[in-house]
Amino acid sequence: MKLSTTIRLRAYLVTASLSAVAIQIGVLASIFVFGVPESWFQTVHFRLAAAGAIGMMVLISAAISHAAFRSAVARHYAIHDETRPGAFRVSDECPLRAFVILHLRMTGVSATAGTPQ
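Residues numbered from 1 in each chain as written. Predicted model: local features only at pLDDT ≥ 70, side-chain atom pairs only at ≥ 80, totals over all residues. Heavy atoms only, no water.

A few words now on a nonpolar patch on the surface. Judged by side-chain polarity, Met56, Leu59, Ile60, Ile64, Leu96 and Phe99 come together as a nonpolar surface patch covering roughly 560 Å² of accessible area. Counting residues per element, the nonpolar patch draws most heavily on helix α2 (residues 44–74), which supplies four residues. Along the chain, Leu96 turns up in the loop between β2 (88–90) and α3 (97–107). You can call Leu96 partly exposed: its relative accessible area is 38%. (Patch = residues over 30% accessible without salt bridge, like charges linked within 9 Å, V, L, I, M, F, W, Y side chains within 5 Å. Areas by Shrake-Rupley, 256 points an atom, 1.4 Å probe, with all protein chains shown as cover. Salt bridge = Lys/Arg side-chain N within 4 Å of Asp/Glu carboxyl O. Helix = DSSP H or I, 4+ residues; strand = E, 2+ residues; numbered from the N terminus. Buried < 20%, exposed > 50% of the residue type's maximum accessible area, 1.4 Å probe, protein only.)

And the structure:
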């Protein structure tokens, strides 16, 4: 498997894992705060809803990171790296740097840190 494919899969899996953690925190809060029985979270309906929510959160985070990347390119926080074809240089001062790097990882494009020139 190519390195770029591995990086892409890893970015999607980390995003899905963080989404699952958010759902688990919501489940624990609803059990302890609202008294929802644990058996409700073991149903097929909840599992399908949780899988759908994870998928939607991954798609939403991909859309947000794409918008952040386009904004960074428009504001010259991210530019093509002349030393490496197909790579981008992302400024350390970019306010949405984490989302820009997430977009680059989800698309398999390499990124380098530093100030664009």
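Moving on, there is more to tell.
Here we come to the environment of Ile23. Here Ile23 lies in helix α1 (residues 3–34). Along the backbone, Ile23 and Leu13 are 10 residues apart, and their C-alpha atoms lie at a distance of 15 Å. Those residues within four positions of Ile23 in sequence are excluded, and the remaining contacts are Phe46, Ala50, Ala53, Ile54 and Met57. (Contact = heavy atoms within 4.5 Å.)

With that out of the way, let us pick up the side chain of His103. Here His103 lies in helix α3. The exposure class assigned to His103 is buried, which follows from its relative accessible area of 10%. Apart from residues no more than four positions distant in its own chain, His103 is found in contact with Ser65, His66 and Phe69.

Below, the discussion takes up the pattern of salt bridges. The final tally for this structure, using the stated rule, is two salt bridges. With its nearest N and O atoms 3.4 Å apart, the salt bridge here joins Arg89 to Asp81. With a relative accessible area of 21%, Arg89 lands in the partly exposed category. By relative accessible area, Asp81 is classed as buried at 6%. When the shortest N-O distance is used, the salt bridge between Asp92 and Arg97 registers 3.5 Å.

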